[in-house]
Amino acid sequence: MSGREVPRLVADIGATYARFALYTGLERHGDVAVLATQEYLSADELIYQARLQLSAVELAGMVLAVAGPVTPEGITMTNTPLQFLPPQLCAQFNCPVHVVNDFFALAHGVGRFQNLARLDDLTPHPGGVAAVIGPGSGLGMATVVPLQQKLHVLSGEGGHAGLSPGSHLEAELWSNLSMHMPHVSWESVLCGPGLVRLYAALCEVWGAAPGYQDARTIAQQAQDMADPVCHQTLEIFCSLLGQAASNLALTVGATGGVYIAGGIVPDMVDFVRASPLRRRFEEAGSMTDYVKRIPLAIVLDPEPGLLGAAACLDQLLALDAQV
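The residue numbers shown here count from 1 along each chain, following its written sequence. In view of the model being predicted, local features appear only for residues whose pLDDT reaches at least 70, and side-chain atom pairs are presented and counted only at 80 or more, with totals across whole chains, interfaces and linings using the full set of residues. Computation of side-chain values covers all heavy atoms of the structure but excludes hydrogens and water.

Student: Tell me about the overall build of the protein, and please be specific about residues and values.
Tutor: Assigned secondary structure in the protein consists of 11 helices and 13 strands. C-alpha atoms define the radius of gyration, and 2.2 Å times the number of residues to the power 0.38 defines the globule rule. Relative to a compact globule of 323 residues, whose C-alpha radius of gyration would be 20 Å, the protein shows 20 Å and is just as compact. Dimensions of the protein along its principal axes, counting C-alpha atoms only, are 60 × 45 × 35 Å. Accessibility here uses a 1.4 Å probe with only protein chains present; expressed as a share of the type maximum, an area under 20% marks a residue as buried, one over 50% as exposed, and anything in between as partly exposed. Expressed as a percentage of the 323 residues in the protein, the buried residues total 53%. When contacts within the protein are restricted to residue pairs at least 6 apart in sequence, those whose partners lie at least 24 apart make up 66%. Note on areas: these come from Shrake-Rupley sampling with a 1.4 Å probe, and a residue is covered only by the protein chains present in the view. Accessible surface for the protein amounts to roughly 14,800 Å². Of this, 52% is attributable to carbon and sulfur atoms. Computed over 16 positive and 30 negative side-chain charges, the separation of the two mean positions in the protein equals 7 Å. Numbering of helices and strands starts at the N terminus; helices are DSSP runs of H or I of at least 4 residues and strands are runs of E of at least 2. Whether two residues touch is decided by their heavy atoms; if any such pair falls within 4.5 Å, the residues are in contact. His is not counted, nor are the chain ends, whereas Lys and Arg count as positive and Asp and Glu as negative. In this description, the location of a charge corresponds to atom NZ of lysine, CZ of arginine, CG of aspartate or CD of glutamate.

Student: Outline the environment of V184, listing residues and values.
Tutor: With respect to the helices and strands, V184 occurs in the loop between α4 (168–178) and α5 (192–206). You can call V184 buried: its relative accessible area is 5%. Placed 10 residues apart in sequence, V184 and W174 show a C-alpha to C-alpha distance of 7.2 Å. In this view, V184 contacts G162, L163, W174, L177 and S178; residues no more than four positions away in its chain are not counted.

Student: So what's going on with the side chain of N176? Residues and values would help.
Tutor: Counting through the fold element by element, N176 comes out in helix α4. Here N176 falls in the buried class, since its relative accessible area comes to 7%. In protein, a polar contact means a hydrogen-donor-capable atom and an acceptor-capable atom, both N or O and within 3.5 Å, with residues adjacent in sequence counting only if both atoms are side-chain atoms; elsewhere, any N or O pair within 3.5 Å suffices. At 3.0 Å, the side chain of N176 and the side chain of E204 are in polar contact. With near-sequence residues (within four places) excluded, N176 lies in contact with A201 and E204.

Student: Lay out α4 in plain terms, naming residues and giving numbers.
Tutor: Looking at α4, one finds that the buried residues are E170, L173, N176 and L177. One side of α4 carries all its buried residues, which in axial view fall inside an arc of 115°. Next to the buried residues of α4 lie α5, α7 (228–252) and α9 (277–282). This arc describes the spread of directions from the helix axis toward the C-beta atoms.

Student: Break down the packing of α5 against α7 for me, with residues and values.
Tutor: To obtain an axis, a line is fitted to C-alpha atoms, over the contacting stretch when the element is a helix, and the angle between two such axes runs from 0 to 180 degrees between their N-to-C directions. Two numbers describe how α5 lies on α7: the axes approach to 9 Å, and their chain directions differ by 120°. Judged on the interaxial angle alone, α7 and α5 are oblique. In the crossing of α5 with α7, the sense of the turn from one axis to the other is right-handed. In this structure, α5 uses L195, L198, Y199, L202, C203 and W206 to contact α7, whose residues at the interface are P228, V229, C230, Q232, T233, L234, I236, F237 and L240. Each residue is assigned to one class: nonpolar for Ala, Val, Leu, Ile, Met, Phe, Trp, Tyr, Cys and Pro, charged for Asp, Glu, Lys and Arg, and polar for all the others, Gly among them. For the contact of α5 with α7, the per-class residue count stands at 13 nonpolar, two polar and no charged. Roughly parallel means an angle under 35 degrees; roughly antiparallel means over 145; roughly perpendicular covers 65 to 115; every other angle is labelled oblique. By convention the crossing between two helices is left-handed if the near helix lies anticlockwise of the far one by an angle smaller than a right angle, and right-handed if it lies clockwise.

Student: Break down empty space enclosed by the protein for me, with residues and values.
Tutor: Using a 1 Å grid laid over the protein atoms alone, points where a 1.4 Å probe fits but cannot get out form a cavity; open sets with protein on both sides within 12 Å along at least 5 of 7 lines form a pocket; any residue with an atom within 4 Å of a point counts as lining. Grid points are joined across faces, edges and corners, and a volume is the space filled by probe spheres set on the points. Scanning the model with the defined rule gives two cavities of 30 Å³ or more in all. Counted as a void, the largest cavity has a volume near 50 Å³. In terms of lining residues, the largest cavity is bounded by L163, E170, L173, W174, L177, V189, L198, I236 and L240. Of all the secondary structure elements, the ones that give two or more residues to the lining of the largest cavity are α4 and α7. In terms of residue count, α4 provides more of the lining of the largest cavity than any other element does, four residues in total. Partitioning the lining of the largest cavity into residue classes produces eight nonpolar, no polar and one charged. Counted as a void, the second largest cavity has a volume near 40 Å³. Lining the second largest cavity are R118, P124, G256, G257, V258, Y259, P295, L296 and A297. Elements with a contribution of two residues or more to the lining of the second largest cavity: β12 (258–260) and β13 (296–299). For the lining of the second largest cavity, the class distribution of residues is six nonpolar, two polar and one charged.

Below is the structure:
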(Lines give C-alpha, C1' and ligand atoms only; values in the text may rest on other atoms or scores of the structure.)
Protein backbone atom coordinates (compact mmCIF):
# COMPACT_ATOMS: atom_id res chain seq x y z
CA MET A 1 0.00 0.00 0.00
CA SER A 2 1.59 3.28 -1.06
CA GLY A 3 1.87 6.22 1.33
CA ARG A 4 -0.68 8.20 -0.71
CA GLU A 5 -3.43 5.61 -0.37
CA VAL A 6 -5.74 6.09 2.59
CA PRO A 7 -7.19 2.76 3.72
CA ARG A 8 -10.76 1.89 4.63
CA LEU A 9 -11.70 0.14 7.84
CA VAL A 10 -13.76 -3.01 7.33
CA ALA A 11 -15.37 -4.78 10.28
CA ASP A 12 -17.33 -7.98 10.87
CA ILE A 13 -18.86 -7.53 14.33
CA GLY A 14 -20.56 -10.46 16.00
CA ALA A 15 -21.85 -10.85 19.54
CA THR A 16 -18.74 -12.82 20.56
CA TYR A 17 -15.90 -11.46 18.41
CA ALA A 18 -15.36 -8.38 16.27
CA ARG A 19 -12.89 -8.58 13.40
CA PHE A 20 -11.31 -5.51 11.80
CA ALA A 21 -8.95 -5.04 8.86
CA LEU A 22 -7.69 -2.31 6.54
CA TYR A 23 -8.54 -2.47 2.85
CA THR A 24 -7.90 -0.51 -0.32
CA GLY A 25 -10.61 -1.65 -2.68
CA LEU A 26 -10.88 -5.41 -2.26
CA GLU A 27 -7.24 -5.86 -1.21
CA ARG A 28 -6.58 -6.41 2.48
CA HIS A 29 -3.46 -4.92 4.04
CA GLY A 30 -1.89 -6.25 7.22
CA ASP A 31 -3.31 -8.47 9.90
CA VAL A 32 -6.84 -8.86 11.20
CA ALA A 33 -7.54 -7.37 14.63
CA VAL A 34 -9.81 -9.69 16.63
CA LEU A 35 -11.49 -8.19 19.70
CA ALA A 36 -13.90 -9.68 22.24
CA THR A 37 -17.11 -7.75 21.63
CA GLN A 38 -18.49 -8.25 25.14
CA GLU A 39 -15.52 -6.42 26.68
CA TYR A 40 -16.59 -3.05 25.24
CA LEU A 41 -19.32 -0.77 26.54
CA SER A 42 -19.76 1.32 23.39
CA ALA A 43 -19.23 1.09 19.64
CA ASP A 44 -16.73 3.96 19.58
CA GLU A 45 -14.55 2.25 22.23
CA LEU A 46 -14.51 -0.91 20.13
CA ILE A 47 -13.58 0.99 16.95
CA TYR A 48 -10.91 3.09 18.71
CA GLN A 49 -9.23 -0.06 19.99
CA ALA A 50 -9.32 -1.65 16.52
CA ARG A 51 -7.76 1.48 14.97
CA LEU A 52 -5.07 1.42 17.63
CA GLN A 53 -4.22 -2.24 16.96
CA LEU A 54 -4.16 -1.65 13.20
CA SER A 55 -2.18 1.63 13.49
CA ALA A 56 -4.83 3.35 11.36
CA VAL A 57 -4.36 7.11 11.79
CA GLU A 58 -6.46 8.23 8.83
CA LEU A 59 -9.38 6.45 7.19
CA ALA A 60 -11.08 7.00 3.83
CA GLY A 61 -14.26 5.35 5.12
CA MET A 62 -15.53 2.37 7.00
CA VAL A 63 -18.16 -0.31 6.79
CA LEU A 64 -19.33 -1.97 9.98
CA ALA A 65 -21.08 -5.27 9.35
CA VAL A 66 -22.99 -5.82 12.59
CA ALA A 67 -25.05 -8.75 13.86
CA GLY A 68 -28.47 -7.15 14.17
CA PRO A 69 -31.38 -5.68 12.18
CA VAL A 70 -30.91 -2.35 10.40
CA THR A 71 -33.16 0.54 11.47
CA PRO A 72 -33.24 4.15 10.15
CA GLU A 73 -31.00 5.13 13.08
CA GLY A 74 -28.47 2.33 12.67
CA ILE A 75 -28.06 -1.02 14.40
CA THR A 76 -28.42 -2.11 18.01
CA MET A 77 -26.85 -5.55 18.24
CA THR A 78 -29.24 -8.43 18.87
CA ASN A 79 -27.19 -10.12 21.59
CA THR A 80 -25.30 -7.15 23.11
CA PRO A 81 -26.34 -3.57 24.01
CA LEU A 82 -23.85 -1.96 21.60
CA GLN A 83 -25.33 0.67 19.25
CA PHE A 84 -23.82 1.60 15.88
CA LEU A 85 -25.26 4.95 14.77
CA PRO A 86 -23.72 6.28 11.52
CA PRO A 87 -24.14 10.07 12.10
CA GLN A 88 -22.39 9.90 15.48
CA LEU A 89 -19.63 7.63 14.20
CA CYS A 90 -19.07 9.83 11.13
CA ALA A 91 -18.55 12.84 13.39
CA GLN A 92 -16.26 10.94 15.75
CA PHE A 93 -14.03 9.39 13.11
CA ASN A 94 -14.25 12.07 10.40
CA CYS A 95 -15.00 9.72 7.50
CA PRO A 96 -18.02 8.16 5.78
CA VAL A 97 -19.43 5.32 7.91
CA HIS A 98 -21.77 2.64 6.58
CA VAL A 99 -23.48 0.30 9.05
CA VAL A 100 -25.01 -2.85 7.56
CA ASN A 101 -26.28 -6.21 8.74
CA ASP A 102 -23.47 -8.77 9.02
CA PHE A 103 -25.07 -11.30 6.68
CA PHE A 104 -26.00 -8.56 4.22
CA ALA A 105 -22.26 -7.88 4.03
CA LEU A 106 -21.25 -11.55 4.01
CA ALA A 107 -23.57 -12.28 1.08
CA HIS A 108 -21.59 -9.83 -1.07
CA GLY A 109 -18.85 -12.47 -1.00
CA VAL A 110 -20.92 -14.95 -3.04
CA GLY A 111 -19.04 -15.44 -6.29
CA ARG A 112 -15.79 -14.40 -4.58
CA PHE A 113 -15.42 -17.27 -2.12
CA GLN A 114 -12.48 -19.46 -3.11
CA ASN A 115 -12.68 -22.34 -0.64
CA LEU A 116 -15.98 -24.23 -0.58
CA ALA A 117 -16.76 -27.66 0.87
CA ARG A 118 -19.53 -28.90 -1.41
CA LEU A 119 -22.14 -31.27 0.02
CA ASP A 120 -23.17 -32.60 -3.40
CA ASP A 121 -22.03 -32.66 -7.02
CA LEU A 122 -24.64 -30.17 -8.26
CA THR A 123 -23.96 -26.98 -10.24
CA PRO A 124 -25.67 -23.69 -9.34
CA HIS A 125 -28.16 -22.47 -11.93
CA PRO A 126 -26.48 -19.67 -13.95
CA GLY A 127 -28.07 -16.39 -12.96
CA GLY A 128 -30.11 -18.04 -10.20
CA VAL A 129 -30.88 -16.48 -6.83
CA ALA A 130 -28.49 -17.63 -4.07
CA ALA A 131 -28.97 -17.75 -0.31
CA VAL A 132 -26.58 -17.59 2.64
CA ILE A 133 -27.27 -19.02 6.10
CA GLY A 134 -24.93 -19.34 9.04
CA PRO A 135 -25.03 -20.36 12.70
CA GLY A 136 -22.60 -18.50 14.96
CA SER A 137 -23.42 -16.42 18.01
CA GLY A 138 -26.83 -16.14 16.30
CA LEU A 139 -28.32 -17.38 13.03
CA GLY A 140 -27.91 -15.11 10.01
CA MET A 141 -29.59 -15.28 6.62
CA ALA A 142 -29.43 -13.24 3.40
CA THR A 143 -30.43 -13.53 -0.26
CA VAL A 144 -28.38 -12.67 -3.36
CA VAL A 145 -30.32 -11.63 -6.46
CA PRO A 146 -28.49 -11.27 -9.82
CA LEU A 147 -29.99 -8.32 -11.66
CA GLN A 148 -28.66 -6.39 -14.67
CA GLN A 149 -25.21 -8.01 -14.39
CA LYS A 150 -24.89 -7.01 -10.72
CA LEU A 151 -25.53 -8.83 -7.46
CA HIS A 152 -28.17 -7.27 -5.24
CA VAL A 153 -28.36 -8.46 -1.64
CA LEU A 154 -31.52 -8.62 0.47
CA SER A 155 -31.05 -8.87 4.21
CA GLY A 156 -33.54 -10.47 6.57
CA GLU A 157 -34.06 -11.83 10.05
CA GLY A 158 -35.23 -15.32 9.10
CA GLY A 159 -33.31 -16.81 12.00
CA HIS A 160 -36.01 -15.43 14.30
CA ALA A 161 -38.85 -17.15 12.41
CA GLY A 162 -40.62 -19.92 14.31
CA LEU A 163 -38.92 -23.32 14.39
CA SER A 164 -40.92 -26.12 12.79
CA PRO A 165 -40.24 -29.64 14.16
CA GLY A 166 -39.85 -32.40 11.59
CA SER A 167 -40.03 -35.50 13.78
CA HIS A 168 -41.64 -36.74 17.00
CA LEU A 169 -38.35 -36.23 18.87
CA GLU A 170 -38.02 -32.68 17.55
CA ALA A 171 -41.61 -32.02 18.61
CA GLU A 172 -40.72 -33.17 22.14
CA LEU A 173 -37.67 -30.93 22.12
CA TRP A 174 -39.76 -28.00 20.88
CA SER A 175 -42.23 -28.61 23.71
CA ASN A 176 -39.39 -28.65 26.24
CA LEU A 177 -37.85 -25.47 24.83
CA SER A 178 -41.21 -23.70 24.80
CA MET A 179 -41.42 -24.09 28.58
CA HIS A 180 -38.23 -22.04 28.94
CA MET A 181 -38.78 -19.28 26.34
CA PRO A 182 -41.78 -17.41 24.90
CA HIS A 183 -40.79 -17.93 21.25
CA VAL A 184 -38.88 -20.93 19.89
CA SER A 185 -37.15 -19.73 16.75
CA TRP A 186 -34.57 -21.33 14.47
CA GLU A 187 -31.93 -19.22 16.26
CA SER A 188 -33.07 -20.70 19.59
CA VAL A 189 -31.18 -23.87 18.62
CA LEU A 190 -29.09 -23.05 15.53
CA CYS A 191 -26.28 -21.04 17.10
CA GLY A 192 -23.61 -21.54 19.76
CA PRO A 193 -25.88 -20.88 22.76
CA GLY A 194 -28.62 -22.75 20.90
CA LEU A 195 -26.53 -25.91 20.69
CA VAL A 196 -26.18 -25.82 24.49
CA ARG A 197 -29.94 -25.23 24.78
CA LEU A 198 -30.65 -28.16 22.45
CA TYR A 199 -28.32 -30.42 24.43
CA ALA A 200 -30.01 -29.49 27.72
CA ALA A 201 -33.45 -30.13 26.22
CA LEU A 202 -32.37 -33.54 24.89
CA CYS A 203 -30.96 -34.45 28.31
CA GLU A 204 -34.33 -33.61 29.87
CA VAL A 205 -36.25 -35.62 27.28
CA TRP A 206 -33.95 -38.62 27.72
CA GLY A 207 -33.72 -38.26 31.51
CA ALA A 208 -29.94 -37.78 31.41
CA ALA A 209 -27.92 -35.45 33.60
CA PRO A 210 -26.28 -32.71 31.48
CA GLY A 211 -22.52 -32.90 31.77
CA TYR A 212 -21.48 -30.00 29.53
CA GLN A 213 -22.33 -26.32 29.39
CA ASP A 214 -20.49 -24.91 26.38
CA ALA A 215 -21.04 -25.41 22.67
CA ARG A 216 -17.42 -26.11 21.75
CA THR A 217 -17.16 -29.01 24.20
CA ILE A 218 -20.51 -30.49 23.14
CA ALA A 219 -19.50 -30.31 19.46
CA GLN A 220 -16.10 -31.88 20.15
CA GLN A 221 -17.57 -34.68 22.26
CA ALA A 222 -20.03 -35.36 19.44
CA GLN A 223 -17.38 -35.49 16.73
CA ASP A 224 -15.11 -37.70 18.84
CA MET A 225 -18.04 -40.10 19.45
CA ALA A 226 -17.21 -39.70 23.14
CA ASP A 227 -20.71 -38.94 24.42
CA PRO A 228 -23.93 -40.35 22.90
CA VAL A 229 -26.13 -37.44 24.01
CA CYS A 230 -23.70 -34.90 22.52
CA HIS A 231 -23.57 -36.95 19.31
CA GLN A 232 -27.35 -37.07 19.04
CA THR A 233 -27.55 -33.34 19.82
CA LEU A 234 -25.21 -32.48 16.97
CA GLU A 235 -27.09 -34.81 14.61
CA ILE A 236 -30.34 -33.00 15.45
CA PHE A 237 -28.58 -29.64 15.07
CA CYS A 238 -27.53 -30.62 11.53
CA SER A 239 -31.01 -31.92 10.73
CA LEU A 240 -32.62 -28.66 11.83
CA LEU A 241 -30.04 -26.65 9.91
CA GLY A 242 -30.90 -28.66 6.81
CA GLN A 243 -34.58 -27.87 7.38
CA ALA A 244 -33.91 -24.16 7.93
CA ALA A 245 -31.73 -24.01 4.80
CA SER A 246 -34.43 -25.80 2.79
CA ASN A 247 -37.11 -23.36 4.01
CA LEU A 248 -34.89 -20.45 3.01
CA ALA A 249 -34.18 -21.98 -0.41
CA LEU A 250 -37.89 -22.54 -1.05
CA THR A 251 -38.85 -19.05 0.14
CA VAL A 252 -36.41 -17.19 -2.14
CA GLY A 253 -36.10 -19.73 -4.98
CA ALA A 254 -32.39 -20.28 -4.42
CA THR A 255 -31.56 -22.18 -7.60
CA GLY A 256 -28.15 -20.46 -7.50
CA GLY A 257 -27.26 -22.47 -4.41
CA VAL A 258 -27.29 -22.20 -0.64
CA TYR A 259 -24.06 -21.28 1.15
CA ILE A 260 -23.54 -22.22 4.80
CA ALA A 261 -21.23 -19.86 6.69
CA GLY A 262 -20.87 -18.76 10.32
CA GLY A 263 -18.48 -19.80 13.04
CA ILE A 264 -19.75 -23.33 13.77
CA VAL A 265 -20.25 -25.47 10.66
CA PRO A 266 -16.86 -24.84 8.94
CA ASP A 267 -15.18 -26.49 11.95
CA MET A 268 -17.05 -29.78 11.52
CA VAL A 269 -17.22 -30.44 7.78
CA ASP A 270 -16.65 -34.21 8.04
CA PHE A 271 -19.42 -34.57 10.62
CA VAL A 272 -21.80 -32.50 8.48
CA ARG A 273 -21.10 -34.59 5.37
CA ALA A 274 -22.10 -37.75 7.28
CA SER A 275 -25.04 -36.08 9.05
CA PRO A 276 -28.69 -35.91 7.91
CA LEU A 277 -28.28 -32.27 6.81
CA ARG A 278 -28.44 -32.82 3.04
CA ARG A 279 -31.18 -35.45 3.35
CA ARG A 280 -33.26 -33.17 5.53
CA PHE A 281 -32.69 -30.30 3.08
CA GLU A 282 -34.32 -32.41 0.36
CA GLU A 283 -37.36 -33.45 2.42
CA ALA A 284 -39.75 -30.82 1.05
CA GLY A 285 -42.92 -32.73 0.23
CA SER A 286 -44.21 -31.81 -3.22
CA MET A 287 -41.13 -29.60 -3.73
CA THR A 288 -38.62 -32.39 -3.07
CA ASP A 289 -37.57 -32.65 -6.74
CA TYR A 290 -37.11 -28.86 -6.79
CA VAL A 291 -34.75 -28.68 -3.80
CA LYS A 292 -32.89 -31.83 -4.88
CA ARG A 293 -31.46 -29.73 -7.71
CA ILE A 294 -30.20 -26.95 -5.40
CA PRO A 295 -26.52 -27.22 -4.42
CA LEU A 296 -25.31 -26.81 -0.84
CA ALA A 297 -21.81 -25.68 0.10
CA ILE A 298 -19.95 -24.70 3.27
CA VAL A 299 -17.84 -21.53 3.07
CA LEU A 300 -14.30 -22.28 4.31
CA ASP A 301 -12.57 -19.05 3.25
CA PRO A 302 -10.68 -17.38 6.11
CA GLU A 303 -12.56 -14.29 7.32
CA PRO A 304 -15.42 -14.53 4.79
CA GLY A 305 -17.30 -11.79 6.68
CA LEU A 306 -14.49 -9.33 6.02
CA LEU A 307 -14.25 -10.34 2.37
CA GLY A 308 -17.99 -9.77 1.92
CA ALA A 309 -17.93 -6.51 3.88
CA ALA A 310 -15.07 -5.16 1.75
CA ALA A 311 -17.05 -5.93 -1.42
CA CYS A 312 -20.11 -4.36 0.17
CA LEU A 313 -18.19 -1.16 1.02
CA ASP A 314 -16.79 -0.96 -2.49
CA GLN A 315 -20.34 -1.05 -3.85
CA LEU A 316 -21.67 1.44 -1.29
CA LEU A 317 -18.92 3.97 -2.00
CA ALA A 318 -19.59 3.62 -5.74
CA LEU A 319 -23.25 4.45 -5.07
CA ASP A 320 -22.23 7.43 -2.92
CA ALA A 321 -20.15 8.77 -5.82
CA GLN A 322 -23.18 8.68 -8.11
CA VAL A 323 -25.31 10.82 -5.77
